[in-house]
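# Chains, contacts and geometry: an overview
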Amino acid sequence: MTTATDGAAAPLRILILDDEPIVCKRLKPAFQKMGHEVETFTDSNAALARLREARFDVVVTDLKMEGADGMQILNGAKDSAADTQVIVITGFATLETAKESYRKGAFDFIAKPFKLRDILDCVKRIEDKRRGLPTEAER
Amino acid sequence: MFAAIRRWAGRPTAPQEGERPQIDLWRLHALFNNFKRILTLNNAVLEEMAKMERALGGEYIFDRAFLESSVSTIANRVHHVAYSLNALTANRHVPLYDRYQEIRTLLDDILANNVHALADEAVLPLDAIGWEHEPLVGMDLVCLAELRNHPGIAPVDGFVVTAEGLRALAGNVPPSSGARADDGQRAGETRAALTDHLRNLTKRCAGAALTATLTLVGGDEQPLREIGCCRIDVDGERREALIATLRGEVPLVPANSRIVLADDRQSSGNAVQEPEAGAVVALLAHALEQIAHAAAIHATDQSGLANLCLFVCPQPEALLKGTIHTRVGSNDALAATDGLVVDAAPADGAAGDTYLLRRTHPFSLLQSRIAPRPNGHRFADQRRASDAAGDQPHLSRGSALLAPGLLQALAKTAMLLERLFGAPLDIHWQLWADGACRIVRLRPLAIAAGAESAPAAGQPPEAVVLCQGGQSGQAGVGAGPVVHVNEATDPETFPPGAVAVARTASPDLTPILHRAAALVTEFGSAAGHLATVARELRLPAVFGLPAALALLPPGTEVTVDGGEATVYAGAVAELLRYGAQPMDLTPQDREYRMLRRLLRFIQPLNLVNPEAPDFSAEGCRTFHDIIHFCHEMAVDELAHFQERRHELGALCIRPLALGLPMDIRLLDIGGGIQPQAAPNPLPEQIGSLPLAAFLRGLLAPQAWDTAAPSLGMRDILAGMPRSVGLLAAPADTLGANLAIIGAEYLNLSLRMGYHFSVIDAYLGEDSSRNFVYFRFAGGFADQERRNRRARFIARVLAAMEFKTAIKGDLVTARLKLADTAILQEALVALGALTASTRQQDTNMRSEADIEDRFADFAATFLTAFRQPHPAARAGGGDEAR
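What you see is a predicted model; the values in this text were computed from it and never measured. (Residues numbered from 1 in each chain as written. Chains lettered and ligands numbered in written order. Predicted model: local features only at pLDDT ≥ 70, side-chain atom pairs only at ≥ 80, totals over all residues. Heavy atoms only, no water.)

### Considering the overall build of chain A
Secondary structure summary: chain A contains five helices and six strands in total. Out of the 139 residues in chain A, the part that is buried amounts to 53%. Once local pairs closer than 6 in sequence are excluded, the contacts in chain A between residues at least 24 apart make up 63%. (Helix = DSSP H or I, 4+ residues; strand = E, 2+ residues; numbered from the N terminus. Buried < 20%, exposed > 50% of the residue type's maximum accessible area, 1.4 Å probe, protein only. Contact = heavy atoms within 4.5 Å.)

Okay, structure coming up:
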């Protein structure tokens, strides 16, 4: 098992936004276990405000929410720091929303329900990319 | 499809002028479309159900929207299945719509956090409580009820008066969901139910006092809260009940309330006598009504009765009382180490003992603090403490109150309850004067702030990975010694708290799961039956872990992390400490509880026997029941449509040119027969994958190479009623072997000799949808020989890992979720079995014949299923038997 503590990699700063608390509740400790720093939000406007004042390496956001939706969060994250990687998670996945997410610069698009392992692997790929390591697909 | 039907319906000669067309093509078209739709929808529903059920295991991240969309999708499909069946059968199953609507209403109520549909039960005995009742009775009582199904310390007997029951008894509290027109009747029914349950309880625990505990069942965000607890004693001499408040935030009744029962015989001056059982019950019922009134007053001040329940249990004379904290808390006397703390004290209030035990098998004692007993103290085994420690140390004043066996049993039970509850617990137990030890109550354990730190990064630094891989069936951590198991393992020999390691995920291992701390299998998937059982029990489980038997020798101490699909060497304290990690999905999560409740009305299959009287639309209790019922009825309809649906005309079904003394007629619903096939297709012109496999076995020369059966007069006589029955059947159905086939589907009804079998199989691209169902009954010989043949068939099916049930000479078996190649081999074997058992009942003269026949058959047709001997695989396996 490889973790963020291996090698010289610094822990990632991750923001999780989902209006369903259960998603934040389960993802936060999973990322913490990988050695990362995590902040969670269930209110999208609060998350957007936080993105304006602090820089995050990874943003995991739901798509459909009251207030700012996932696309606005994606834009907000990219406006704050262009190298912030955004993972979009949604229970209403369509080809169109997936295409739009990628066009706006999302790192990945994951349909709910998803395996915990899938999103951990996704963050691992971001970590590898930042460290200049070849990703699984490139190997 | 229509073109295909036109082909099936093609007749050798055109109808004569003026003759009514013999085949109604449009109706036939609709018939088969409905049949195919039922099959397709059934598979889609099963797939959705499996997806929902797998989400329980903690492998998936999901939210409430997933639950809502899953219920909506499944419900719509189930409704469509019911509609299609009615379209297929000319509306012969209309009551299905009512059942569908009732179940749908229950599911919608659960999604809306509305318990009214279930709240009709005023009084629920503990043994009737399931997960669906959790919002009514609380998770503590659900877990206490579940404990009845496990080995270890049993729960106390008892029943629950639900909020609905309390409301009916109190009488003057407006219901939260609209007034009932029949409040008076409801109160009468509740009193009658209360009296019945009290009568049963007092019969089982004669003379015992009762304890009544009023609890506020937490909503989504609130924990369980005990409002108050009373003890009710019946004084036989005075014919009165005394209610004493034991504990609670509010007194449920004024201090030491007394209830006196009016009794004519007392006033007539009769001598004091033992109260009649009826009088005792009446006194207890009055006392409980008093408490219900107190609860109503409390509820009026607070949040209403909607979330209150009253648990009533017997309280016989106790010798010892105590608690178990499944994690060490800051207030525990032995707080230095991680473990499980058991407190025990004499019921008279004398000083007690405290024990610290490991949280894993064998639950060894780590530390204890034993209070000195006064000289002459009587232990639970009736012996007395003395200073004479010499030759009888167990009688000395420093002896522990609890023997090691009881301590370990308490620890095992406590850890099981923690697993079921999904959080550390404060468990109360009692040892009664009659020697019975019971769990009487459990509550979430308050852990001091800061004690639950975030999980450490990565795997524990000192943990050695023994093996890793496969699929997570149920997340969680379990540790213990490895015990190899297989279908032949006697569950009673499996040490509770050990880690079960098996080659295949056979459904036969189910009883072992009730005793294990974790499960690992080499083969099998997280979508299989055993994985479902593991999730039901919240047992950490990994499926399909390669070479698990070789890598985990018997006796090795291991820790299984079900979520990570990893097995570590030894008991990894760090993992075990954070066993219920915050990322895990546990019963503490609203979504988990909701999903589990939803599944209770979706997933269980109760209608399994089409011959049972309750195999009806009215008997359907879940969506699974509905789709299964529809599937069986649809197959039955197609098998008999020639007799039942005369308006469809005389369909020209194509006979299969088998070259054997048997007649199989083919009804192709698409791709079952190759386009260039002759009017009487040859076996090699069959396009149906399952039928082609079956025919390979049926036509194998070895399958027909059996000695001619010897029929005695007894056999002829035994077969007479059957043969007369067959001869009385309409000529067109006698001996009609009908195969409804598609490219991936086979439904074959076979009469061979005097037995009858059905094979239903689907072999598509997606192996999760594939199945083979086999049913066999009948014969010509006497009952015992027919039963022997049934046992032989069951033996063959079990060797192919079919889930098999046998009842007399009826064998039913099902194999699913296996690779297509394995299912094809199974169909080849079923073909051979059909040929070789055609009159084998007459040869089954002794029990030994079963094994002889099996050995012969297995050598020829079961080579694909032959497994190496476990001892050879594991280097001298030490399997529990």
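### Observations concerning the sheet that holds strand β4 (residues 85-90) of chain A
Paired through their backbone hydrogen bonds, the strands of a sheet run either parallel or antiparallel. Residue and element names in this part refer to chain A. With respect to topology, five strands assemble into an open sheet ordered β2-β1-β3-β4-β5, the strand pairing being parallel. In this open sheet, the two edge strands, each paired with only one partner strand, are β2 (37-41) and β5 (108-111). Across the sheet, the mean angle from the axis of one strand to that of its neighbour is 15°, orientation sign disregarded. Along the sheet face, helix α3 (residues 70-80) touches β1 (13-17), β3 (58-62) and β4 and points at about 165° away from the line of β3. Contacting β4 and β5, helix α4 (residues 95-103) crosses the sheet at an angle of about 155° to β5. (Pairing = 2+ DSSP bridges. Axes fitted to C-alpha atoms, helices over the stretch in contact; angles between N-to-C directions.)

### What about the nonpolar core?
Among the nonpolar cores identified, the biggest contains 138 residues, and Phe31 of chain A together with Trp429 of chain B are the most heavily contacted of them. What Phe31 of chain A contacts, discounting residues up to four positions off in sequence, is Ile14, Ile16, His36, Val38, Val60, Ile119, Leu120 and Val123 of chain A. Core analysis: the second largest hydrophobic core is formed by 55 residues, Leu666, Ala693, Ala790 and Ala826 of chain B among them. (Core = buried A, V, L, I, M, F, W, Y, C linked by side-chain atoms within 4.5 Å.)

### Quick word on the packing of helix α3 (residues 64-88) of chain B against helix α4 (residues 95-111) of chain B
Residues and elements named next belong to chain B. Close contact between α3 and α4 brings their axes to 10 Å; oriented N to C, the two are set at 175°. With respect to each other, α3 and α4 are oriented roughly antiparallel. Its residues placed into classes, the contact of α3 with α4 shows twelve nonpolar, four polar and three charged. (Parallel < 35°, antiparallel > 145°, perpendicular 65-115°, else oblique. Nonpolar A, V, L, I, M, F, W, Y, C, P; charged D, E, K, R; others polar.)

### Points about the environment of Trp429 of chain B
Residue and element names in this part refer to chain B. For Trp429, the location among the structural elements is in strand β14 (residues 425-432). Overall, Trp429 belongs to the buried group, its relative accessible area being 1%. C-alpha separation for the pair Trp429 and Ile153, spaced 276 residues apart in sequence, amounts to 9.2 Å. Within the structure, Trp429 has its side chain in polar contact with the backbone oxygen of Asp343 (distance 3.4 Å). (Polar contact = N/O pair within 3.5 Å; in protein donor to acceptor, adjacent residues only side chain to side chain.)

### A look at the sheet that holds strand β3 (residues 154-155) of chain B
All names here are of chain B. Pairing is mixed in the open sheet, where seven strands are placed in the order β3-β15-β14-β10-β11-β12-β13. The open sheet has two edge strands with one neighbour each: β3 and β13 (365-369). Note that strand β11 (residues 340-346) and strand β12 (residues 353-357) share five bridges and pair antiparallel. Residue pairing for β12: Val341 is matched across the bridge by Leu356. Helix α6 (residues 139-146) rests against β3 and β15 (437-444) of the sheet, and its axis sits at about 150° to β15.

### Brief notes about the confidence of the model for chain B
Residue and element names in this part refer to chain B. Confidence along chain B averages 78 in pLDDT terms, with 74% of residues attaining 70 or more. Across chain B, strand β19 (residues 499-502) holds the top mean pLDDT of 96, while helix α21 (residues 713-728) sits lowest at 32. Counted against residues more than four places away or in other chains, residues 706-735, with its pLDDT under 50, gives 39 contacts. Within the model, pLDDT remains below 50 along residues 868-881, and this stretch shows 23 contacts once partners closer than five positions in the same chain are excluded. (pLDDT = per-residue confidence, 0-100.)

### Observations regarding the pattern of salt bridges
Going through the model one piece at a time under the given rule, you end up with 42 salt bridges over all chains. Here Asp83 of chain A and Arg55 of chain A are joined by a salt bridge, their closest N and O atoms 2.8 Å apart. In this pair, Asp83 of chain A sits in the loop between α3 and β4 while Arg55 of chain A sits in the loop between α2 (44-53) and β3, placing the two residues 28 residues apart along the sequence. Between Glu226 of chain B and Arg443 of chain B there is a salt bridge; the shortest N-O distance is 3.4 Å. Separated by 217 residues along the polypeptide, Glu226 of chain B in strand β6 (residues 225-235) and Arg443 of chain B in strand β15 bring together distant segments of the chain. Overall, the relative accessible area of 13% leaves Glu226 of chain B in the buried class. (Salt bridge = Lys/Arg side-chain N within 4 Å of Asp/Glu carboxyl O.)

### What about the packing of aromatic side chains?
Taken as a whole and judged by the stated rule, the model has eight aromatic pairs over all chains. Among the aromatic side chains, those forming a connected cluster through ring pairs are Phe792, Phe857 and Phe861 of chain B. For the cation-ring pair, Arg13 of chain A lies above Phe56 of chain A, with the distance from its terminal atom to the ring centre recorded as 4.9 Å. For the cation-ring pair, Lys64 of chain A lies above Phe92 of chain A, with the distance from its terminal atom to the ring centre recorded as 4.4 Å. (Phe/Tyr/Trp six-rings, centres within 6.5 Å; stacked < 30°, edge-to-face > 60°. Lys NZ or Arg CZ within 6 Å of the ring centre and 35° of its normal.)

### Here we look at unusual backbone geometry
Between Lys112 of chain A and Pro113 of chain A the backbone carries a cis peptide bond, its omega angle lying at 0°. In this structure, Pro113 of chain A sits in the loop between β5 and β6 (114-115). Cis rather than trans, the peptide bond between His361 of chain B and Pro362 of chain B has omega equal to 5°. Looking at the secondary structure, you find Pro362 of chain B in the loop between β12 and β13. For Asn91 of chain B, which is not glycine, the phi dihedral falls at a positive 60°. Of note, Arg538 of chain B is a non-glycine position whose phi angle comes to about 55°, a positive value. Take Arg538 of chain B: it is sitting in the loop between α13 (529-537) and β21 (541-543).

### Describing the pairing of β14 of chain B
All names here are of chain B. For β14, the tally of buried residues reaches seven of eight residues, placing the bulk of the element in the interior. With seven bridges joining them, strand β10 (residues 318-325) and β14 adopt antiparallel strand pairing. Note that in β14 the partner of His325 across the bridge is Asp426. Sheet topology places β14 next to β15; seven bridges connect them, and they run antiparallel. Paired with His428 across the two strands is Arg441, which belongs to β15. Two successive antiparallel strands, β14 and β15, enclose a turn made up of four residues, where Gly435 displays a positive phi of approximately 95°.

### Here's the deal with the packing of helix α19 (residues 689-698) of chain B against helix α23 (residues 820-836) of chain B
Residues and elements named next belong to chain B. Put simply, α19 and α23 touch, their axes get as near as 6 Å, and they point 45° apart. Between α19 and α23, the interaxial angle falls into the category oblique. As for how α19 packs across α23, the hand of that crossing is right-handed. Facing Leu689, Pro690, Ala693, Phe694, Arg696, Gly697 and Leu698 of α19, the residues of α23 in contact are Thr820, Gln824, Leu827, Val828, Leu830, Gly831, Ala832, Thr834 and Ala835. (Left-handed = near helix turned anticlockwise from the far one by under 90°.)

### Details of the environment of Glu557 of chain B
Residues and elements named next belong to chain B. Following the sequence through the fold, Glu557 ends up in strand β22 (residues 557-561). The spatial distance from the C-alpha of Glu557 to the C-alpha of Ala498 is 9.0 Å, given a sequence separation of 59 residues. Setting aside its immediate chain neighbours within four residues, Glu557 contacts His361, Gly480, Pro481, Tyr568, Ala569 and Gly570.

### Examining the side chain of Lys112 of chain A
For Lys112 of chain A, the location among the structural elements is in the loop between β5 and β6. At 2.6 Å, the side chain of Lys112 of chain A and the side chain of Asp63 of chain B are in polar contact. Among all residues touching Lys112 of chain A, those that are not within four sequence positions of it are Asp18, Val23, Asp62, Ile89, Thr90 and Gly91 of chain A together with Asp63 of chain B.

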